[in-house]
Amino acid sequence: MTTSEPVPSVTGLSRTASVAIVAAVLGVSAVLGRRNAPDPSHPRIRRWYKRLDKPSFTPPDAVFGAVWPVLETGLAVGGYRLLRQPADNTRNAAVGLWLLNTGMIGAWTEIFFRKRDLDASAIASGAMIVSGAAYVATAAKVDRPAAILGAPFVAWLGFATVLAARISARNEDGAKTAT
């Protein structure tokens, strides 16, 4: 019996393939994030960031350093779980949204810290809420734990978007050129 329709995978990707994909995707995002970090190894970025007029509810730098690894770990485990699920349209959509959101994390640091485009970073952050919520909703149809692990990411993005918008509004003049 022959059929022209592709047969969905009974199982998802192997453990090895899933770990390799998650490591590669998060590795690229981490390299971008590290390249743009406002820490002592990047003095110009650090000076620029320190000079921005930020709202009083801006967390200390250590909070960002503590929160993001937790959020990214949740996304990594969620992505791994999704990759291990049988391939079908919903699983593939969830994986695509996972890839998009993971990529957007690194891209946001490029926009905010490297390009110093505060307006675009606020818009990108808002777009990440939408894509993050779509990821969680789609992942919930495939693997509930993956969706649950993505929910804190979306919640943090809500806060981060308010923060990014407020920073943008408070630094309308000279944010790109300040060093």
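See the structure printed just above.
Since this is a predicted model, take the numbers as computed values, not measurements.

**Considering the overall build of the protein chain**
The secondary structure content of the protein chain amounts to six helices and zero strands. When the helices and strands of the protein chain are placed in sequence order, the string is α-α-α-α-α-α. The C-alpha extent of the protein chain, read off along each of the three principal axes, is 70 × 30 × 30 Å. Taking all 179 residues of the protein chain together, 40% fall into the buried category. Counted over contacts in the protein chain with a minimum sequence separation of 6, partners at least 24 positions apart contribute 77%. Carbon and sulfur atoms provide 64% of the accessible area of the protein chain, an area that totals close to 9600 Å². In the protein chain, the 20 positive side-chain charges and the 12 negative ones have mean positions that sit 6 Å from each other.

**Considerations on the pattern of salt bridges**
In the structure shown here, the tally under the stated rule is five salt bridges. When the shortest N-O distance is used, the salt bridge between R34 and D39 registers 2.4 Å. For R34, a relative accessible area of 42% puts it in the partly exposed group. For R35, the salt bridge identified is with E110, shortest N-O distance 2.4 Å. Note that R35 is positioned in helix α1 (residues 15-35) and E110 in helix α4 (residues 89-114), a separation of 75 residues in sequence. For E110, a relative accessible area of 15% translates into the label buried.

**Looking at the environment of A164**
Relative to the elements of secondary structure, A164 occurs in helix α6 (residues 144-170). The sequence separation of A164 and P152 amounts to twelve residues, and the corresponding C-alpha distance is 18 Å. A164 has contacts with W108, S121 and A122, leaving out every residue within four places of it along the chain.

**Examining the environment of R144**
Following the sequence through the fold, R144 ends up in helix α6. Given the relative accessible area of 59%, R144 is considered exposed. On a C-alpha basis, the gap between R144 and G78 in space is 9.2 Å, while along the polypeptide they are 66 residues apart.

The rules behind each value
- Residues numbered from 1 in each chain as written.
- Predicted model: local features only at pLDDT ≥ 70, side-chain atom pairs only at ≥ 80, totals over all residues.
- Heavy atoms only, no water.
- Helix = DSSP H or I, 4+ residues; strand = E, 2+ residues; numbered from the N terminus.
- Buried < 20%, exposed > 50% of the residue type's maximum accessible area, 1.4 Å probe, protein only.
- Contact = heavy atoms within 4.5 Å.
- Areas by Shrake-Rupley, 256 points an atom, 1.4 Å probe, with all protein chains shown as cover.
- Lys, Arg positive; Asp, Glu negative; His and termini not counted.
- Charge placed at Lys NZ, Arg CZ, Asp CG, Glu CD.
- Salt bridge = Lys/Arg side-chain N within 4 Å of Asp/Glu carboxyl O.

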